[in-house]
Amino acid sequence: RGCTYQGEDLFLEEGEQPPVADLNTCKPFIECKVEVAGRLKARKGVNTPDVVLPISPITPKDREDIKFACRNDVDWIALSFVQRHQDIAELRSLTSSFCSEDQRQPKLL
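Nothing here was measured: the structure is a model prediction, and the numbers come from that model.

**Comments concerning the confidence of the model for the protein chain**
Right, so step 1: Summary statistics for the protein chain give a mean pLDDT of 79 and a share of 78% for residues scoring 70 or more.
Right, so step 2: In the model of the protein chain, strand S2 (residues 20-21) stands out as the element of lowest mean pLDDT, 52, in contrast to strand S5 (residues 76-77), which has the highest, 95.

Dropping the structure here:
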């Protein structure tokens, strides 16, 4: 589980909003002061560029897509939001387990 600490940037709405400042806590909530006021839209993400999140970027849907790729001899698989070498190792492990030995494994991008 990652934490954001004082002095690190936290961007709202996929980075479209300016960063917020004065982060005070790391428990289930982050308390901060907004530097530039504005309207936040629903269903938008938060970007923490200074923080390496210790979570997998591979979602359950990604796992299904990897299975599909192995069954259909896809040439390449790309993974977004890679932060750690373990993320690629996890993808490599999944392709190895989902692709049978007689299938060609997709290249990882």
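**Side note on the state of the cysteines**
Right, so step 1: For the structure shown, the criterion picks out one disulfide.
Right, so step 2: Covalently, Cys 70 is tied to Cys 99 through a disulfide, its sulfur atoms 2.1 Å apart. Judged by the sign of its S-S torsion, about -75°, the cystine formed by Cys 70 and Cys 99 is left-handed. With Cys 70 in helix H1 (residues 60-71) and Cys 99 in the loop between helix H2 (85-98) and strand S6 (107-108), this residue pair connects regions lying 29 residues apart in the sequence.
Right, so step 3: Judged by its relative accessible area of 7%, Cys 99 is buried.

**Considerations on the layout of surface pockets**
Right, so step 1: Space inside the largest pocket adds up to approximately 460 Å³.
Right, so step 2: Val 46, Thr 48, Leu 53, Phe 81 and Gln 83 are the residues nearest the centre of the largest pocket, which is lined by 14 residues in total.
Right, so step 3: Of the residues that constitute the lining of the largest pocket, the class distribution is six nonpolar, six polar and two charged.

**Comments concerning the environment of Thr 48**
Right, so step 1: Relative to the helices and strands, Thr 48 is located in the loop between strand S4 (46-47) and H1.
Right, so step 2: C-alpha of Thr 48 to C-alpha of Leu 10: the two residues are 38 residues apart in sequence and 4.9 Å apart in space.

**Comments concerning the pattern of salt bridges**
Right, so step 1: On inspection of all chains with the given rule, the structure shows five salt bridges.
Right, so step 2: Note that Arg 63 is salt-bridged to Glu 90, the shortest N-O span being 3.0 Å. Note that Arg 63 is positioned in helix H1 and Glu 90 in helix H2, a separation of 27 residues in sequence.

**Quick look at H2**
Right, so step 1: Its 14 residues place the ends of H2 20 Å apart at the C-alpha level, agreeing with the 20 Å of an ideal helix rising 1.5 Å per residue.
Right, so step 2: When we look at burial in H2, the residues that qualify are Asp 87, Leu 91, Leu 94 and Thr 95. Down the axis of H2, the smallest arc covering the buried residues is 95°, so these residues share one side. Of the exposed residues in H2, the ones pointing more than 90 degrees away from its buried face are His 85 and Ser 97.

**Some details on unusual backbone geometry**
Right, so step 1: Phi at Asp 73 is positive, roughly 50°, even though this residue is not glycine.
Right, so step 2: By the secondary structure assignment, Asp 73 is in the loop between H1 and S5.
Right, so step 3: According to the relative accessible area criterion, Asp 73 is partly exposed, its value standing at 41%.
Right, so step 4: The phi angle at Phe 81 is positive, at roughly 65°, despite the residue not being glycine.
Right, so step 5: Residue class for Phe 81 comes out exposed when judged on its relative accessible area of 72%.

Rules used in this analysis
- Residues numbered from 1 in each chain as written.
- Predicted model: local features only at pLDDT ≥ 70, side-chain atom pairs only at ≥ 80, totals over all residues.
- Heavy atoms only, no water.
- pLDDT = per-residue confidence, 0-100.
- Helix = DSSP H or I, 4+ residues; strand = E, 2+ residues; numbered from the N terminus.
- Disulfide = S-S within 2.5 Å.
- Buried < 20%, exposed > 50% of the residue type's maximum accessible area, 1.4 Å probe, protein only.
- 1 Å grid on protein atoms, 1.4 Å probe; cavity = no way out; pocket = protein on both sides within 12 Å on 5 of 7 lines; lining within 4 Å.
- Points joined across faces, edges and corners; volume = space filled by probe spheres on them.
- Nonpolar A, V, L, I, M, F, W, Y, C, P; charged D, E, K, R; others polar.
- Salt bridge = Lys/Arg side-chain N within 4 Å of Asp/Glu carboxyl O.
- Expected span 1.5 Å × (residues − 1).
- Arc of directions from axis to C-beta.

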